[in-house]
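# Commentary on secondary and tertiary structure
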Amino acid sequence: MDCIDVIKGRRSIRKFKDLAIGKEIIEDLLNAAQMAPSAGNLQARDFIIITNKITKQKLVKAALGQSFIEQAPVVIVVVANIERSSRIYRSRGELYATQDATAGIENILLAAHSMGLGTCWIGAFDENAVSELLGIPDKTLPVAIIPVGYPDEQPATPPRIAMERLVHWETW
Ligand SMILES: Cc1cc2nc3c(=O)[nH]c(=O)nc-3n(C[C@H](O)[C@H](O)[C@H](O)COP(=O)(O)O)c2cc1C
């Protein structure tokens, strides 16, 4: 698929088929995430892969009842490793680690779509509950929960704000 087609065609998917995903596919998604840019190439992002049903159910609870998380065969939690970035970048570390993580997240979403898979970037969750559930250490921050599966819906493209309202040539 052409890159622009992948970008335009990706949608948030909240309904998944009851179909498993092979480990190699997950590895391809993680390799795509790792090819994203990162501040100083520190790659201040970690990934937790969840297939366990009970853990998925607990993630649903931590994510304000977003039950489609449980439907997905695989869930990836992307974590900003603030400790790794702060070692070099001090007080900028939190911002850079979050950006490293989000660049990786977007690559996962796009790579998944190019492979016929559906994903959703879930940001509405209780960070403390997710950290406790998954044993995420101090100085790291879970940034997104990404359910991954074969899509069982084809949502229309949600409208975008008109470019003239967002784009400022030369100055704001
Ligand atoms: C930071 C962030 C947080 C989001 N959190 C959620 C969420 O908690 N639940 C959800 O269903 N979608 C969530 N989304 C997905 C957005 O709702 C979605 O991207 C937006 O409506 C545009 O739709 P599209 O992804 O199909 O283009 C989130 C997206 C981002 C970037």
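Our subject is the structure listed above.
Residues numbered from 1 in each chain as written. Predicted model: local features only at pLDDT ≥ 70, side-chain atom pairs only at ≥ 80, totals over all residues. Heavy atoms only, no water.

### Structural notes on the pairing of strand E4 (residues 141-149)
Of all the 9 residues making up E4, 8 are buried; the element is thus mostly covered by neighbouring parts of the structure. Bridge count for strand E2 (residues 74-80) against E4 is 7 bridges, and the pairing is antiparallel. Residue pairing across strands places Val78 opposite Ala144, the latter belonging to E4. Relative to E4, strand E3 (residues 118-119) runs antiparallel, the two being bridged by 2 bridges. Of the residues in E4, the one forming a bridge with Gly118 is Gly149. (Buried < 20%, exposed > 50% of the residue type's maximum accessible area, 1.4 Å probe, protein only. Helix = DSSP H or I, 4+ residues; strand = E, 2+ residues; numbered from the N terminus. Pairing = 2+ DSSP bridges.)

### Observations regarding helix H3 (residues 53-62)
Every α-helical turn comprises 3.6 residues, leaving residues that sit three or four positions apart pointing alike. Of all the positions in H3, only Thr55, Lys56, Leu59, Val60 and Ala62 are classed as buried. The buried residues of H3 occupy an angular sector of 165° when the element is viewed end-on, so they sit on one face. Turned more than 90 degrees away from the buried face of H3, the exposed residues are Lys53 and Lys61. Downstream of H3 by one or two residues, Leu64 has phi in the positive range, about 55°. (Arc of directions from axis to C-beta.)

### Some words on the environment of Thr140
Relative to the helices and strands, Thr140 resides in the loop between helix H7 (127-134) and E4. With 44 residues separating them in the primary sequence, Thr140 and Tyr96 have C-alpha atoms 12 Å apart. When sequence neighbours within four positions are dropped, the list of residues in contact with Thr140 reads Val79, Ala80, Asn81 and Ile82. Within the structure, Thr140 has its side chain in polar contact with the backbone oxygen of Pro137 (distance 2.5 Å). (Contact = heavy atoms within 4.5 Å. Polar contact = N/O pair within 3.5 Å; in protein donor to acceptor, adjacent residues only side chain to side chain.)

### Some thoughts on the sheet that holds E3
The pairing of strands in a sheet comes from backbone hydrogen bonds and takes either a parallel or an antiparallel form. A sheet is described by the order of its strands in space; here 4 strands give the open sequence E1-E2-E4-E3, paired in antiparallel fashion. Strands at the two margins of the open sheet, each flanked by one partner only, are strand E1 (45-50) and E3. Bridge analysis of E1 against E2 gives 6 bridges, and the strand direction is antiparallel. Note that in E2 the partner of Ile50 across the bridge is Val75. Lying over the sheet, helix H2 (residues 23-34) contacts E1, E2 and E4, oriented at roughly 165° with respect to E1. (Axes fitted to C-alpha atoms, helices over the stretch in contact; angles between N-to-C directions.)

### Digging into the site of the ligand
Near the ligand there are 13 residues, and of these Arg11, Ser12, Arg14, Gln66 and Trp121 occur at the shortest range. Within the side chain of Arg10, an N or O atom sits 2.9 Å from an oxygen atom of the ligand. A distance of 2.9 Å separates a nitrogen atom of the ligand from a polar atom in the backbone of Gly123. Looking at the shell around the ligand, its residues break down into 6 nonpolar, 3 polar and 4 charged. (Near = heavy atom within 4 Å. Nonpolar A, V, L, I, M, F, W, Y, C, P; charged D, E, K, R; others polar.)

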